[in-house]
Amino acid sequence: MLTVYGRANSSNVRKVLWTLDELGLDYERLDYGRGFEPTDSPDYRAINPAGLVPALKDGDTVIGESNAIIRYLCRKTDAIHLLPTNHRKLAWIEQWMDWQASEMVRPFRILFMGGHLDMAPFNAAAHLDIANSEGGKFMGILDEQLSRTKAYIAGNTFTAADLAAGVYVHRWFALDMERPDFPALAAYYDRLAERSAYMVHVKNGLP
Ligand SMILES: N[C@@H](CCC(=O)N[C@@H](CS)C(=O)NCC(=O)O)C(=O)O
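Sequence order as written defines residue numbering, which begins from 1 separately in each chain. In keeping with the model being predicted, local features are shown solely for residues with a pLDDT of at least 70 and side-chain atom pairs are shown and tallied solely at 80 or more, while totals for entire chains, interfaces and linings include all residues. Side-chain numbers come from the whole structure's heavy atoms, not from hydrogens or water.

Got a sec to walk through the domain arrangement of the protein chain? Specific residues and values, please.
Domain start and end points were adopted from an automatic or database domain assignment. What the domain assignment reports for the protein chain is domain 1 (2-76) and domain 2 (87-200). With centres defined by C-alpha atoms, the gap from domain 1 to domain 2 works out at 21 Å. Facing 14 residues of domain 1, the contacting portion of domain 2 comprises 22 residues. When two parts are brought into contact, each loses some accessible area as probed by a 1.4 Å sphere; the total of that loss over both is the buried area. Summed over both partners, the interface of domain 1 with domain 2 comes to about 1500 Å²; 59% of that surface belongs to carbon and sulfur atoms. Only one rule defines a salt bridge in this text: a Lys or Arg side-chain nitrogen within 4 Å of an Asp or Glu carboxyl oxygen. At the boundary of domain 1 and domain 2, one finds two salt bridges. In this structure, Glu 22 and Arg 195 form a salt bridge, with 2.9 Å as the shortest nitrogen-oxygen distance. Contacts: residue pairs with any heavy atoms within 4.5 Å of one another.

A description of the site of the ligand should follow, citing residues and the corresponding values.
Close to the ligand lie 13 residues; Arg 7, Arg 34, Val 53, Glu 65 and Ser 66 are nearest. Distance and chemistry together define a polar contact, namely a pair of N or O atoms within 3.5 Å, with one atom able to donate a hydrogen and the other to accept it when in protein, and with adjacent residues in sequence counting only for side-chain atoms on both sides. In the environment of the ligand, a nitrogen atom lies 2.8 Å from a nitrogen or oxygen atom belonging to the side chain of Glu 65. Methods summary: accessible areas were calculated by the Shrake-Rupley approach with a probe of 1.4 Å, and residue burial reflects only the protein chains presented. Protein coverage of the free-state accessible area of the ligand, which is 510 Å², stands at 78%. Only protein atoms enter the 1 Å grid, on which a cavity is a set of points fitting a 1.4 Å probe that cannot get out and a pocket is an open set with protein on both sides within 12 Å along at least 5 of 7 lines, lining residues being those with an atom within 4 Å of a point. Those molecules having more than half of their atoms within 2 Å of a cavity or pocket grid point set are described as sitting in that cavity or pocket. Under a 2 Å grid-point criterion requiring more than half of the atoms, the pocket assigned to the ligand is the largest pocket. Working definition: residue near molecule or strand if any one of its non-hydrogen atoms lies within 4 Å of it.

This is the structure we're talking about:
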């Protein structure tokens, strides 16, 4: 049995739950993280040294980092439609996964924790203004890319790049804030909503 450690309202946990359902895998989920079991205890840090959710346990294998977990699950199930073995196609997908985790996530943390949860220091107007503008810049990059592919982030099929970024696209549309008009991104959000697992774990009423 696969075990996911992490609260179901966390963006990074939602990516993993969405992936598990796309792959048709059974799992149990344990509530760790803000408002639930602590992630800074020695017991939890033995599971994920970073002290963050999600983590995944598969027998003796325990891993953290949501995008590493997505890749692990795709490889475990030979889901080459989501994560191809061809090094060129794979690099193109991983480029977007790394961009999501290192660049795109930054303003969304502030927009969510400051703008939605009203937590200091993220709720300071100066932080929120910068995050709103940076979030718009990143969503604009995705909008341009989707105008080219006319379908999904890394090309004309749904891949692990979409599993990594789709939660933040949802947050962009779900959070209460001003947004420029991004038609290709809006069409993509509708396209993702055709996937039942996206509706269960991502576009499920929570921002
Ligand atoms: N780079 C990490 C980031 C993980 C992360 O920031 N997790 C947040 C929730 S989205 C967390 O653990 N917050 C502390 C908490 O919930 O207690 C990943 O992709 O897994």
